[in-house]
Amino acid sequence: MTAYLFKRVLFGLATLVLASMVVFAMLQVVPGDPARLMLGMNATEDQVQVLREQMGLNQPLVLQYLDWAGGLLRLDFGRSYTYSVEVSELVGERLAVSLPLALISLGLSTLVAIPLGLYAASRRGKTADAVSMGAAQIGMAMPNFWFALLLIYVFAVWLRLVPAGGFPGWSAGVWPALKALILPAVALALPQAAILARVTRSAMVEVLGQDYIRTARAKGMTARSVLWRHALRNVLIPVLTILGMQFAFLLAGTIIVENVFYLPGLGRLVFQAISQRDLVVVQSVVMLLVAAVILVNLLVDLSYALVDPRLRGNR
Amino acid sequence: MKINGTVAAAALLAAAMAGPAWAARTDLVLAMPLEPPHLDPTASAAAAIDEVFYANVFEGLTRVGERGEVLPGLAESWTISDDGNIYTFKLHPGVKYHDGTDFEASDVKFSLDRARGEKSVNAQKALFAAIEAVEAVDPLTVKVTLKQPQGSFLYNMAWGDAVIVAPESAETNKEKPIGTGPFKFQNWAKGSSITLVKADGYWGAPVFLDKAEVRFIPDAAAAIPALLSGDVQALPNFPLGDALPQVQADPRFKVVIGSTEGETVLATNNKRPPFDNLKVRQAIAYALDRKAIIDGATGGLGTPIGSHFAPHNPAYVDLTGTYPYDPAKARELLKEAGHPNGFKATLKLPPVGYARLGGEIIASQLREVGIDLQIIPVEWPVWLKTVFTDKDYDLSIVAHTEPNDIDIYARKDYYFQYDNPAFDKVIADLSLTSEETKRTELYKQAQEILADDAVNGFLFELPKIGIWDAKVEGLWQNSPIQANDLTKVKWVE
């Protein structure tokens, strides 16, 4: 187990190093000069050069890379060109929105999807199965932003229960902040829940067809305890995999929903940084996300071992 | 007695209920599509910075009013020497920065020297190019000596890029802007909003609002529900596109269409064949149907232009008839230019609605006369690099939003690659002339030369689309400079 863990951590670190090079190289290839972007069309080339010098953009690329990557090792993510504040500060502000949002929508989708999937599997082939999976199909097919706008018109414009968008910040109080996150969390949770419900259902259907389930039933266990003691554990593995992937997506892949609700999340930070060629921000945030994905995958792997004793052997 | 008591109680109750209704609201939430990258108007070209801070937080020696006129700002008056070379500004007494420090002549010297200095990263450094020296004569008098007379000097000093900052706070204005205006900066929740509050002891006319919050809503589809739900009460300048009709008929809101300084042109690479041939450029001009382009790109709200000049400017000449829409004539000119079967070219489009929508229409109009355009959508950084800096393009569509910027055609190495000594001469004369009628005459000449030379396809003046609560007054209809002046904004019943 320890050797396995060690191997995984090492692999993760190698991925990080590789990712840092790819990210850095990619952003160098894309045309666009952050200094010219800041100064606009009326500035002279000389002035652009002055600003490039101030930004440290005239150094050789290798030096720029080492400077940045070395900083990462010391957990110094660098300074934003455009905002001229520490990237860690920027990311911290954005995580205060994105992290709770991801957790709430993940919680919502899990609460809805797993019972729904299990229920559909237990009623396999019956009307209830068709109805709930049909609903899941609609949930998956519905465009995110459209559903979000629908929610806004009903709950913000018509009923005026929640704000139409924006985020007042946690300093405004827990309740106002939560109120601002409810609709986006629901909008994000819907497609996630639909996918999760389908995965849960098909995993359960597959498990229920296994020999050991039949054996357990033959030994005289009730359908209920077979479901809870044997089937559910095995269903959890694909479900956890999907959950891990969804969490990583929810952390930064939610730019469309963030735009509709104009939330200051991580997705919009990356998007703005790319369009302003704020290279340090893009690089550092992407690295953070890579690290987050690696970490989540590691946790998912470890949780496999928790739910499945067979994986706890020497690997 | 009893009756009287009830009446008195009722009167009291009525007064108590009516009380709050008499006092007008003093807070306003506005929304803008773009967020400033930082908060220092003297260190970036981003219009969003001026749109929050100009006239509200930062002030210059002079300022631009709603109709584009130059008004006194921190300078209450000025005298100009007979040769037009020396401007002596009398500064307003008793002006304080928001951090409590005094505003003095030395701050003016500091600000102007900083903007024109070698290390300057002012996006409009050219505004200060004519300055020879700045001298703080006494705490309330500044003498600016010019290298040669400059007709537009007072106007230049009114730009957002020429606002006066203090040496103590200049370096931190990006994060914590300190100005002299009627509002002071309170908070910037990055990605969300900027909050301004009324500044105590403002030197000028008191403002009505106690608090103004500017929210950043990137999407028109999100801005409309924010307005409808009452979260936001004004969208002073928002390209709403298809979403506009949704609120146009709603009596709770005012829809105000105004003009801007954004001349939208089919930018043409004048040195690259076949566009170096006047006949080809004229052919393109004849092939463009402005009406259809304006309908498609701005929902019919743009104003047609025939040269690079804003229609609301007093010196404007209507030159839209120079090359009227005439596809047959265009084909004929192409034949004369040696392209009887037309030619192929590229059209690079930045990521803005008017360009992407207008580009489709222009491509189909030019196809009618045999010019086959390949549309290449690009994002802003790529546009600035390839089209603007490297001049690697045939045609592009962009709105030039700087006020009064016809002189860009005289700039060497500008991306239009236009080179006409006669035009350069007019611009050179203009900068030396301060007499109004002579300036108007020169502006007219400049417009005519550009129109005749068909330097670019001159399309339309970008409209300013504003929507706000019907009870809000004082927001600008037009946008003669990039600003959302809140100094006169108030709620009325």
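Calculation notes
Residues numbered from 1 in each chain as written. Chains lettered and ligands numbered in written order. Predicted model: local features only at pLDDT ≥ 70, side-chain atom pairs only at ≥ 80, totals over all residues. Heavy atoms only, no water. Helix = DSSP H or I, 4+ residues; strand = E, 2+ residues; numbered from the N terminus. Buried < 20%, exposed > 50% of the residue type's maximum accessible area, 1.4 Å probe, protein only. Contact = heavy atoms within 4.5 Å. Areas by Shrake-Rupley, 256 points an atom, 1.4 Å probe, with all protein chains shown as cover. Axes fitted to C-alpha atoms, helices over the stretch in contact; angles between N-to-C directions. Parallel < 35°, antiparallel > 145°, perpendicular 65-115°, else oblique. Patch = residues over 30% accessible without salt bridge, like charges linked within 9 Å, V, L, I, M, F, W, Y side chains within 5 Å. Salt bridge = Lys/Arg side-chain N within 4 Å of Asp/Glu carboxyl O. 1 Å grid on protein atoms, 1.4 Å probe; cavity = no way out; pocket = protein on both sides within 12 Å on 5 of 7 lines; lining within 4 Å. Points joined across faces, edges and corners; volume = space filled by probe spheres on them. Nonpolar A, V, L, I, M, F, W, Y, C, P; charged D, E, K, R; others polar. pLDDT = per-residue confidence, 0-100. Expected span 1.5 Å × (residues − 1). Core = buried A, V, L, I, M, F, W, Y, C linked by side-chain atoms within 4.5 Å. Polar contact = N/O pair within 3.5 Å; in protein donor to acceptor, adjacent residues only side chain to side chain. Buried area = accessible area lost by both parts, 1.4 Å probe. Phe/Tyr/Trp six-rings, centres within 6.5 Å; stacked < 30°, edge-to-face > 60°. Pairing = 2+ DSSP bridges.

**Details of the overall build of chain A**
Here is step 1: When helices and strands are tallied, chain A shows 13 helices and zero strands.
Here is step 2: Counting helices and strands in the order they occur from the N terminus, chain A gives α-α-α-α-α-α-α-α-α-α-α-α-α.
Here is step 3: The 315 residues of chain A split such that 48% are buried.
Here is step 4: Taking the contacts inside chain A whose residues are at least 6 apart along the sequence as the reference set, 71% of them involve residues at least 24 apart.
Here is step 5: About 15600 Å² of surface is accessible on chain A, with carbon and sulfur atoms providing 70% of the total.

**Overview of the packing of helix H7 (residues 144-158) of chain A against helix H5 (residues 220-228) of chain B**
Here is step 1: Direction vectors running N to C along H7(A) and H5(B) enclose 10 degrees, while the axes themselves pass 10 Å from each other. By the angle between their axes, H7(A) is roughly parallel relative to H5(B). Contacts between H7(A) and H5(B) pair Leu149(A), Ile152(A), Tyr153(A) and Val157(A) from the former with Ala221(B), Ile224(B), Pro225(B) and Leu228(B) from the latter.

**So, a nonpolar patch on the surface**
Here is step 1: Taken together, the side chains of Leu5(A), Phe6(A), Val9(A), Leu10(A) and Leu13(A) make up a nonpolar region of the molecular surface, amounting to roughly 460 Å² of accessible area.
Here is step 2: Within the secondary structure, Leu5(A) sits in helix H1 (residues 2-29).

**Some details on empty space enclosed by the protein**
Residues and elements named next belong to chain B.
Here is step 1: Scanning all chains against the criterion turns up six cavities of 30 Å³ or more.
Here is step 2: Here the largest cavity is characterised by a volume of approximately 90 Å³.
Here is step 3: Residue lining of the largest cavity: Ala285, Leu288, Arg290, Gly306, Leu319, Thr322, Tyr323, Ala451, Ala454, Asn456, Gly457 and Phe458, and that is the complete set.
Here is step 4: Partitioned by chemical class, the residues of the lining of the largest cavity number seven nonpolar, four polar and one charged.

**So, the confidence of the model for chain B**
Residue and element names in this part refer to chain B.
Here is step 1: Averaged over chain B, the pLDDT score is 92; the fraction of residues at 70 or greater is 96%.
Here is step 2: Considering only residues more than four positions removed or in separate chains, one finds that residues 1-21, a stretch of pLDDT under 50, has one contact.
Here is step 3: Both scores are available for the predicted complex, with the pTM at 0.86 and the ipTM at 0.84.

**Digging into helix H6 (residues 127-141) of chain A**
Here is step 1: Taking 1.5 Å of rise per residue, the 15 residues of H6(A) would be expected to cover 21 Å, and the 21 Å separating its terminal C-alpha atoms lies within 8% of that figure.
Here is step 2: In this fold, the buried residues of H6(A) make contact with helix H5 (87-122) and helix H8 (174-208) of chain A.

**A short note on the nonpolar core**
Here is step 1: Core analysis: the largest hydrophobic core is formed by 76 residues, its most contacted members being Ile152(A), Phe261(A), Ile217(B), Val232(B), Leu235(B) and Leu240(B).
Here is step 2: When residues in this core are grouped by element, the largest group, 15 residues, is from H8(A).
Here is step 3: The contact partners of Ile152(A), leaving out residues within four places of it in the chain, are Val157(A), Ala164(A), Leu183(A), Val260(A), Phe261(A) and Pro225(B).

**Remarks on the side chain of Asn456(B)**
Residues and elements named next belong to chain B.
Here is step 1: One can find Asn456 in the loop between helix H13 (436-453) and strand S17 (457-469).
Here is step 2: A relative accessible area of 3% places Asn456 in the buried class.
Here is step 3: Separated by 2.9 Å, the side chains of Asn456 and Tyr409 make a polar contact.

**Describing the interface of chain B and chain A**
Here is step 1: Counting from both sides, the interface comprises 53 residues of chain B and, opposite them, 44 residues of chain A.
Here is step 2: Here chain B packs against chain A, burying approximately 3700 Å² in sum over the two surfaces, 56% of which is carbon and sulfur.
Here is step 3: For chain B, the biggest contributors to the area lost against chain A are Val121(B), Lys190(B) and Pro381(B); these three give 15% of the whole.
Here is step 4: Here chain B is connected to chain A by one salt bridge.
Here is step 5: If you look at where chain B meets chain A, you find 10 residue pairs in polar contact (both at pLDDT 80 or more).

**Observations regarding the packing of aromatic side chains**
Here is step 1: Taken as a whole, this structure holds 29 aromatic pairs over all chains when the rule is applied.
Here is step 2: Seen in terms of ring centroids, Phe167(A) and Trp170(A) are 5.9 Å apart; in terms of plane orientation they differ by 70 degrees. Their pairing is edge-to-face.
Here is step 3: The exposure class of Trp170(A) is partly exposed, given its relative accessible area of 32%.
Here is step 4: Look at Trp380(B) and Trp383(B): their rings are 5.4 Å apart centre to centre, the planes differ by 80 degrees, and that puts the pair in the edge-to-face class. Of the two residues, Trp380(B) and Trp383(B) both sit in helix H11 (residues 380-389), three residues apart, roughly one turn of that helix.

**Focus: the side chain of Ser307(B)**
All names here are of chain B.
Here is step 1: Relative to the helices and strands, Ser307 resides in the loop between strand S13 (303-304) and helix H9 (327-336).
Here is step 2: Look at Ser307 and you get buried, because its relative accessible area is 3%.
Here is step 3: Only 2.8 Å separates the side chain of Ser307 from the backbone oxygen of Gln447, close enough to count as a polar contact.
Here is step 4: The contact partners of Ser307, leaving out residues within four places of it in the chain, are Leu319, Gln447, Leu450, Ala451 and Phe458.

**As for the sheet that holds strand S6 (residues 131-138) of chain B**
Residues and elements named next belong to chain B.
Here is step 1: Read from one edge to the other, the open sheet built from four strands follows the order S4-S5-S7-S6, with strand pairing classed as antiparallel. This sheet does not close on itself; its edge strands, each paired only once, are strand S4 (75-80) and S6. Along the sheet, successive strands turn relative to each other by an average axial angle of 20 degrees, direction set aside.
Here is step 2: Bridging between S4 and strand S5 (residues 86-91) involves five bridges; their strand directions are antiparallel. Note on S5: the bridge partner recorded for Trp78 is Phe89.

**As for the pattern of salt bridges**
Residue and element names in this part refer to chain A.
Here is step 1: Inspection of every chain in the model, using the stated rule, returns 31 salt bridges over all chains.
Here is step 2: The partner of Asp211 in a salt bridge is Arg214, and the shortest N-O contact between them spans 3.1 Å. With Asp211 and Arg214 both in helix H9 (residues 211-218), this residue pair falls three residues apart, about one helical turn.
Here is step 3: Owing to a relative accessible area of 51%, Asp211 belongs among the exposed residues under this scheme.
Here is step 4: Arg214 gets classed as exposed once you look at its relative accessible area, which sits at 56%.

**Notes on the environment of Asp452(B)**
All names here are of chain B.
Here is step 1: Within the secondary structure layout, Asp452 lies in helix H13.
Here is step 2: For Asp452, a relative accessible area of 44% puts it in the partly exposed group.
Here is step 3: Between the C-alpha atoms of Asp452 and Gly117, which are 335 residues apart in sequence, the distance is 38 Å.
Here is step 4: With sequence-adjacent residues up to four places away left out, Asp452 is seen in contact with Leu278, Gln282, Thr322 and Tyr323.

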